[in-house]
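Read off the chains here:
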There are 2 protein chains.
Amino acid sequence: MMPKYVFHYFPIKALGESVRLLLAYGEEGFEDHRIPLEDWPKFKPNTPFGQMPVIEFDGKQYAQSIAIARYLGNKYGLAGDTLEDKLEIDQNVYLINDLRTKAASANYEKDEVIKEQKYKEFSEGVFPDYLERINALIIKNNGYIALGKLTWADFMFAGLFDYLGAMMRMPDLGKRYPALQQVVDRVYSFPSVKAYADAVSA
Amino acid sequence: MMPKYVFHYFPIKALGESVRLLLAYGEEGFEDHRIPLEDWPKFKPNTPFGQMPVIEFDGKQYAQSIAIARYLGNKYGLAGDTLEDKLEIDQNVYLINDLRTKAASANYEKDEVIKEQKYKEFSEGVFPDYLERINALIIKNNGYIALGKLTWADFMFAGLFDYLGAMMRMPDLGKRYPALQQVVDRVYSFPSVKAYADAVSA
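Rules and cut-offs
- Within every chain, residues take consecutive numbers counted from 1 along the sequence as written.
- Chain letters and ligand numbers both follow the written order, the letters beginning at A and the numbers at 1.
- Only residues with pLDDT of at least 70 are given local features in this predicted model, and only at 80 or more are side-chain atom pairs given and counted; all residues enter the totals for whole chains, interfaces and linings.
- As a convention, hydrogens and water are excluded, and side-chain values are obtained from all of the structure's heavy atoms.
- Two strands are said to pair when DSSP picks up at least two bridges between them.
- Secondary structure elements follow DSSP: runs of H or I of four or more residues count as helices, runs of E of two or more count as strands, with numbering from the N terminus.
- Structural elements are reduced to axes, namely lines fitted to C-alpha atoms, with helices fitted over the stretch in contact, and the angle between N-to-C directions of any two is expressed from 0 to 180 degrees.
- Only heavy atoms enter the contact rule, under which two residues are in contact if any of them lie within 4.5 Å.
- Here the angle decides the label: under 35 degrees means roughly parallel, over 145 means roughly antiparallel, 65 to 115 means roughly perpendicular, and every other value means oblique.
- Handedness of a crossing follows from how the near helix is turned relative to the far one, being left-handed for an anticlockwise turn of less than a right angle and right-handed for a clockwise one.
- The nonpolar class holds Ala, Val, Leu, Ile, Met, Phe, Trp, Tyr, Cys and Pro. Asp, Glu, Lys and Arg form the charged class, and all remaining residues, Gly among them, are polar.
- Domain segmentation is taken from an automatic or database assignment of domains.
- Two parts placed together each lose some accessible area under a 1.4 Å probe, and the buried area is that loss summed for both.
- The term salt bridge refers to a side-chain nitrogen of Lys or Arg lying within 4 Å of a carboxyl oxygen of Asp or Glu.
- Identification of polar contacts relies on pairs of N or O atoms within 3.5 Å, with a donor-acceptor requirement for protein atoms, meaning one able to donate a hydrogen and the other able to accept it, and with residues adjacent in sequence counted only if both atoms are side-chain atoms.
- Least squares is the method used to superpose the copies, on C-alpha atoms of residues holding a pLDDT of at least 70 in both.

1. Observations regarding the sheet that holds strand S2 (residues 30–34) of chain B
Thinking step 1. Spatial strand order, S2-S1-S3-S4 (chain B): four strands in an open sheet with mixed pairing. If you trace the sheet from one side to the other, it starts and ends with S2 and strand S4 (60–63) of chain B, each paired once. Neighbouring strand axes in the sheet, compared pairwise and without regard to direction, differ in orientation by 20° on average.
Thinking step 2. Across the face of the sheet, helix H4 (residues 83–107) of chain A comes into contact with strand S3 (54–57) and S4 of chain B while running at roughly 45° to S4 of chain B.

Written as structure tokens, this is what we have:
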């Protein structure tokens, strides 16, 4: 049978893993189409915005990882009940995404001198400030990112976790902040998510 | 009567204006609380994430401009009908937001030499590439940002427009891309939006 979804992304976690984790959780079936960097120029003109990730279903393609994650979250009952619930999820997702943007601005800095300056500056202020806020958020939400229960924000966070740690040069992120690690571990504890992750790392 | 919403932001357009335009459109009443930069340190600890903009209603505060704009868009019937509609709106909003992030990374660069390098590089590639994509999107969508009709994405774009132009050092953005200007002009043509904008600029 043809899978319901085809998901196109590079063969890395980065911006794609959150969507893959949600697709695994949803168990509707998806083709995990991993495009090596060297094949990207050929594929790029066929995407909506010349960007990946891209999800394809019902003959249409959609770009933008957070948009796709929110869509799947709504489909799978992971997006709260009211508009205010959805606002709280979005708010917390964007806080995490702000940290990602900051970490990326250091990680992808081309000038080596500026890059090290940024790491020095961010490691002393921006990174711990965001991490403390996210940690407090999780503690306030009973071990979840939002609403005190499982939402797509937990998947978004779990999917970004390794990428965030690498971009912040903080491989011990989960040890420093056990509450953050707990969110990640819970997502990977769902049998279909675990099966996906085990298959990828096998 | 107490206004339904209080909206807290600096006395500039930047990340706040999209929400103000939506609040003006919705006509539920809002207090446009503009906090001068020098008062921000006092106010900051009372916000959810130490960030603005913040919207306050029903005794709760919420941060993050796009989250708030999406919430109001859903309330005001500007968010499509299906989950796929919402996905398309979000996708297109994030394309615009990607351009904002790029423009901000040049505009807020502290090192003057790097800053000018970034402007040189982005003005030749990143900025025109994004603008062409947004232009094509608007033409494909019959003069709107998404779904071929009015959505909160138009308000998001209209609210960001001056800020985007300034950050890209492109004051003639609307002249270069008339389709983009058309989206902005339509939003400001709604009587309650026009009344708000006229009152602010008076």
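2. Structural notes on the packing of helix H4 (residues 83–107) of chain B against helix H7 (residues 152–167) of chain B
Residues and elements named next belong to chain B.
Thinking step 1. With their axes 10 Å apart at the nearest point, H4 and H7 run at an angle of 15° to one another. Between H4 and H7, the crossing angle belongs to the class labelled roughly parallel. Note that H4 runs across H7; the crossing there is left-handed. Residues Ile89, Asp90, Val93, Ile96, Asn97, Leu99, Arg100, Ala103, Ala104 and Asn107 of H4 pack against Trp152, Ala153, Met156, Phe157, Leu160, Tyr163, Leu164 and Met167 of H7.
Thinking step 2. Looking at the contact of H4 with H7, its residues break down into 14 nonpolar, two polar and two charged.

3. Some words on the domain arrangement of chain A
Residue and element names in this part refer to chain A.
Thinking step 1. As far as domains go, chain A holds domain 1 (5–76 + 190–201) and domain 2 (83–188).
Thinking step 2. Between domain 1 and domain 2, the C-alpha centre-to-centre distance is 21 Å.
Thinking step 3. Domain 1 puts 17 residues into the contact, and the matching count from domain 2 is 18 residues.
Thinking step 4. Carbon and sulfur atoms make up 66% of the area that domain 1 and domain 2 hide from each other, which totals about 1,600 Å².

4. Structural notes on the interface of chain A and chain B
For an interface, size is often stated in terms of accessible area lost upon the parts coming together.
Thinking step 1. Taken together, the 36 residues of chain A in the interface contact 36 residues of chain B.
Thinking step 2. Regarding the contact of chain A and chain B, the summed buried area is about 3,000 Å², with carbon and sulfur atoms giving 59% of it.
Thinking step 3. It is Phe49, Leu87 and Gln91 of chain A in chain A that bury the most area against chain B; as a group they hold 23% of the surface buried on that side.
Thinking step 4. Linking chain A to chain B there are six salt bridges.
Thinking step 5. A salt bridge links Arg70 of chain A to Asp90 of chain B; the shortest N-O distance between them is 2.7 Å.
Thinking step 6. At the boundary of chain A and chain B, one finds 17 residue pairs in polar contact (both at pLDDT 80 or more).

5. Examining the sheet that holds strand S2 (residues 30–34) of chain A
Residue and element names in this part refer to chain A.
Thinking step 1. A sheet is described by the order of its strands in space; here four strands give the open sequence S2-S1-S3-S4, paired in mixed fashion. In this open sheet, the two edge strands, each paired with only one partner strand, are S2 and strand S4 (60–63). Adjacent strand axes in the sheet meet at a mean angle of 20°, parallel and antiparallel pairs treated alike.
Thinking step 2. Across five bridges, strand S1 (residues 5–9) lies against S2 in parallel orientation. By the bridge assignment, His8 is partnered in S2 with His33.
Thinking step 3. Contacts from helix H1 (residues 17–26) reach S1, S2 and strand S3 (54–57), with the element oriented near 155° to S2.

6. Quick notes on the packing of helix H5 (residues 112–124) of chain A against helix H6 (residues 126–140) of chain A
Each pair of packed helices gets described by two things: the angle between the helix axes and the distance between those axes.
All names here are of chain A.
Thinking step 1. Contact pair H5 / H6: the axes reach a minimum separation of 3 Å and the direction vectors enclose 35°. Along the contact surface, H5 presents Tyr119, Glu121, Phe122, Ser123 and Glu124, while H6 presents Val126, Phe127 and Pro128.
Thinking step 2. Residue classes in the contact of H5 with H6 are distributed as five nonpolar, one polar and two charged.

7. With respect to the relation of the copies chain A and chain B
Thinking step 1. Once chain A has been moved 0.0 Å along the axis and rotated by 180°, it coincides with chain B to within an RMSD of 0.0 Å. Overall, the copies show the geometry of a two-fold rotation axis.
Thinking step 2. The share of interface residues of chain A whose copies in chain B are also at the interface is 100%, consistent with both copies meeting through the same surface.

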